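# Descriptive analysis of the structure
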Amino acid sequence: MRPRKQGVRTSARDGFTLVELLVVIAIIGVLSTLSVVAFTSARAKAKEAAAKAEVKQMATAIQLLSADTGKWPNGCPVEAVSNPEVYLNAAQAGIQSAPTPSDQGNGCVWTADDITRWAGPYATSFGDPWGHNYYFDPDYVPYQNCASQTTGAQAPAVVSFGPNGVGPNAYDCDDIFYELR
């Protein structure tokens, strides 16, 4: 008969204790939580990057529209600070389809001659990553209701209302915009 070593279990109940199992489960839980948080953060950053790229594409579409027709969306004079603002997917914006000749107000007019020079569509996708349509504002003021940023100067811009979707004319800190100047 061999002598038994001290400190070594030899019973049929050898295995993990409840405390050891709870520690392993807790560690797995913490690692899972950290990975979910990192994934969520990466996804939010990816949506923001996509929106930044898309507002630049919308600005290019507006520049093509103005090169063909001499007008900005809604038939507004190029470089003029005027209203009305318009969602870029609207027919009268002139980005997706040829607008109809009409007076949009405040000096913004689509004429029959403008329509004959229209060579679009200039863009085909108008929704930002959060499901809101891009917006053209010829007198956009960045960071207007934003305590963490200084209010910017008025400029024509393509705007995404960001994750919270608050807009138009209720702009805030999460807006993503591209100035046309």
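For the structure, check the block above.
Please read all numbers here as calculations on a predicted model, not as lab measurements. (Residues numbered from 1 in each chain as written. Predicted model: local features only at pLDDT ≥ 70, side-chain atom pairs only at ≥ 80, totals over all residues. Heavy atoms only, no water.)

## Focus on the pattern of salt bridges
Counted by the stated rule, this structure contains four salt bridges. With a closest N to O distance of 3.3 Å, Lys 52 and Glu 48 form a salt bridge. Note that Lys 52 and Glu 48 are positioned in helix H1 (residues 18-69) at a spacing of four residues, about one turn of the helix. When its relative accessible area of 37% is taken as the criterion, Glu 48 is described as partly exposed. With its nearest N and O atoms 2.4 Å apart, the salt bridge here joins Asp 113 to Arg 117. In this pair, Asp 113 and Arg 117 are both assigned in helix H2 (residues 112-117), four residues apart and thus about one turn of the helix distant. What you see here is one network of salt bridges that share partners, running through Lys 71, Asp 113, Asp 114 and Arg 117. (Salt bridge = Lys/Arg side-chain N within 4 Å of Asp/Glu carboxyl O. Helix = DSSP H or I, 4+ residues; strand = E, 2+ residues; numbered from the N terminus. Buried < 20%, exposed > 50% of the residue type's maximum accessible area, 1.4 Å probe, protein only.)

## Structural notes on a nonpolar patch on the surface
On the surface, Val 19, Val 23, Ile 27, Val 30, Leu 31 and Leu 34 cluster together to form a nonpolar patch covering roughly 570 Å² of accessible area. Tracing the backbone through its elements, the reader meets Ile 27 in helix H1. Judged by its relative accessible area of 48%, Ile 27 is partly exposed. (Patch = residues over 30% accessible without salt bridge, like charges linked within 9 Å, V, L, I, M, F, W, Y side chains within 5 Å. Areas by Shrake-Rupley, 256 points an atom, 1.4 Å probe, with all protein chains shown as cover.)

## Let's talk about the sheet that holds strand E3 (residues 86-87)
Strand order in the open sheet made by the four strands is E3-E6-E7-E8, with antiparallel pairing throughout. Because the sheet does not close on itself, it has two edges, and the strands there are E3 and strand E8 (176-179). Two elements, strand E7 (residues 155-160) and E8, share four bridges in a ladder whose sense is antiparallel. Paired with Val 159 across the strands is Phe 177, a residue of E8. Across the sheet, H1 is in contact with strand E6 (135-140), E7 and E8; its angle to E8 comes to roughly 30°. (Pairing = 2+ DSSP bridges. Contact = heavy atoms within 4.5 Å. Axes fitted to C-alpha atoms, helices over the stretch in contact; angles between N-to-C directions.)

## Regarding the state of the cysteines
For the coordinates displayed, the defined rule picks out one disulfide. Put simply, Cys 76 and Cys 108 are joined by a disulfide, and their sulfur atoms are 2.0 Å apart. Sign of the S-S torsion, about 100° for the bond between Cys 76 and Cys 108, identifies this disulfide as right-handed. Separated by 32 residues along the polypeptide, Cys 76 in strand E2 (residues 76-77) and Cys 108 in strand E5 (residues 108-110) bring together distant segments of the chain. Of the two residues examined, Cys 76 and Cys 108, each falls in the buried class. (Disulfide = S-S within 2.5 Å.)

## Some details on the nonpolar core
Nonpolar side chains in soluble globular proteins generally cluster together in the buried interior. Core analysis: the largest hydrophobic core is formed by 24 residues, its most contacted members being Met 58, Ile 62, Leu 88, Ile 95, Tyr 134, Phe 136 and Val 158. Secondary structure elements with two or more residues in this core: H1 and E5. When residues in this core are grouped by element, the largest group, seven residues, is from H1. Dropping the residues within four chain positions of it, Val 158 is found in contact with Val 55, Met 58, Ala 59, Ile 62, Leu 88, Tyr 134, Tyr 135, Ile 176, Phe 177 and Tyr 178. (Core = buried A, V, L, I, M, F, W, Y, C linked by side-chain atoms within 4.5 Å.)

## Quick notes on H1
Compared with an ideal rise of 1.5 Å per residue, which puts 52 residues at 76 Å, H1 spans 76 Å between its outermost C-alpha atoms and is within 8% of the ideal. Of the positions making up H1, those classed as buried are Ala 51, Val 55, Met 58, Ala 59, Ala 61, Ile 62, Leu 65, Ser 66 and Thr 69. Buried-residue contacts for H1 involve strand E1 (71-72), E5, H2, E6, E7 and E8. (Expected span 1.5 Å × (residues − 1).)

Honestly, that's just the spatial picture; any functional story needs more than this.
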